[in-house]
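Observations on chain architecture
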Amino acid sequence: MKNILLPIDLSGNEALLLEKAIEIAEKFNSKVWLVHVSSPDPDFVGYDAGPQFIRDQRADELRLEHQKLQELASILAQKDIESEALLIQGATIETIIQKTEKLNIDLVIIGHEEHGFFYRALFGSVSENLIKKANTPILVVPLV
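We now turn to the structure provided with this report. These figures come from a predicted structure and were not determined experimentally.

In this structure the tally under the stated criterion is five salt bridges. The shortest N-O distance in the salt bridge between Lys-31 and Glu-84 comes to 2.6 Å. Pair noted here: Lys-31 is in strand 2 (residues 31–38) and Glu-84 is in strand 3 (residues 83–89), with a separation of 53 residues, a long-range link. Close ionic contact of Arg-58 with Glu-61 constitutes a salt bridge, the shortest N to O distance being 3.1 Å. With Arg-58 and Glu-61 both in helix 2 (residues 52–78), this residue pair falls three residues apart, about one helical turn. The class of Glu-61 is partly exposed, set by a relative accessible area of 35%.

This paragraph deals with the pairing of strand 1 (residues 3–7). Across the five residues that make up strand 1, a large majority, five, are buried. Residues Asn-3, Leu-5 and Pro-7 point to one face of strand 1 and Ile-4 and Leu-6 to the other, with burial holding for every one of them. Where strand 1 meets strand 2, five bridges bridge the pair, whose relative direction is parallel. In the strand pairing of strand 2, Leu-6 is matched with Leu-34. Remark: the strand 1/helix 1 (residues 14–28)/strand 2 crossover connection has right-handed handedness. Alignment of strand 1 against strand 4 (residues 107–112), held across two bridges, turns out to be parallel. Within strand 4, the residue paired with Leu-5 across the bridge is Val-108.

A few words now on the packing of helix 1 against helix 2. Relative placement of two packed helices is described by the angle separating their axes and the distance separating the axes. Interaxial distance between helix 1 and helix 2 falls to 11 Å at its minimum, and their mutual angle equals 35 degrees. Taken as a pair, helix 1 and helix 2 cross one another with a handedness that is right-handed. Contacts from Glu-14, Leu-18 and Ile-22 of helix 1 reach helix 2 at Leu-72, Ile-75 and Leu-76.

What counts and what doesn't
Residues numbered from 1 in each chain as written. Predicted model: local features only at pLDDT ≥ 70, side-chain atom pairs only at ≥ 80, totals over all residues. Heavy atoms only, no water. Salt bridge = Lys/Arg side-chain N within 4 Å of Asp/Glu carboxyl O. Helix = DSSP H or I, 4+ residues; strand = E, 2+ residues; numbered from the N terminus. Buried < 20%, exposed > 50% of the residue type's maximum accessible area, 1.4 Å probe, protein only. Pairing = 2+ DSSP bridges. Right-handed = clockwise from strand over helix to strand, strands pointing away. Axes fitted to C-alpha atoms, helices over the stretch in contact; angles between N-to-C directions. Left-handed = near helix turned anticlockwise from the far one by under 90°. Contact = heavy atoms within 4.5 Å.

The structure is reproduced here in structure tokens:
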């Protein structure tokens, strides 16, 4: 197992996922690819980019997300685990599946939180949809 993909949503529950990735990467001498899929810019989905302050605010958000990913990658580096952090804009499930194929991923480690009916109706579940669509083995870590 040479490549592990660790999708991170940056919601504050990354510690357990990172712990599992470290545990497996150490045993198999694997590289960990940290991936955060950010929502696309409005102009990407057919809307005008908006006023400059909106574009500046979005750029600040992306810089902060990138910084957080780099901090997680530095934790892996301290454990002598090779890693790369990728910040990608796009549709979450499709982007993760594309990256698993492009990077020759052997295992995806993803977190799962239980949400109520209305949340699932509006947003769905990334982990459940990924399980249905991916051809790569997935380790689902319950996040409490």
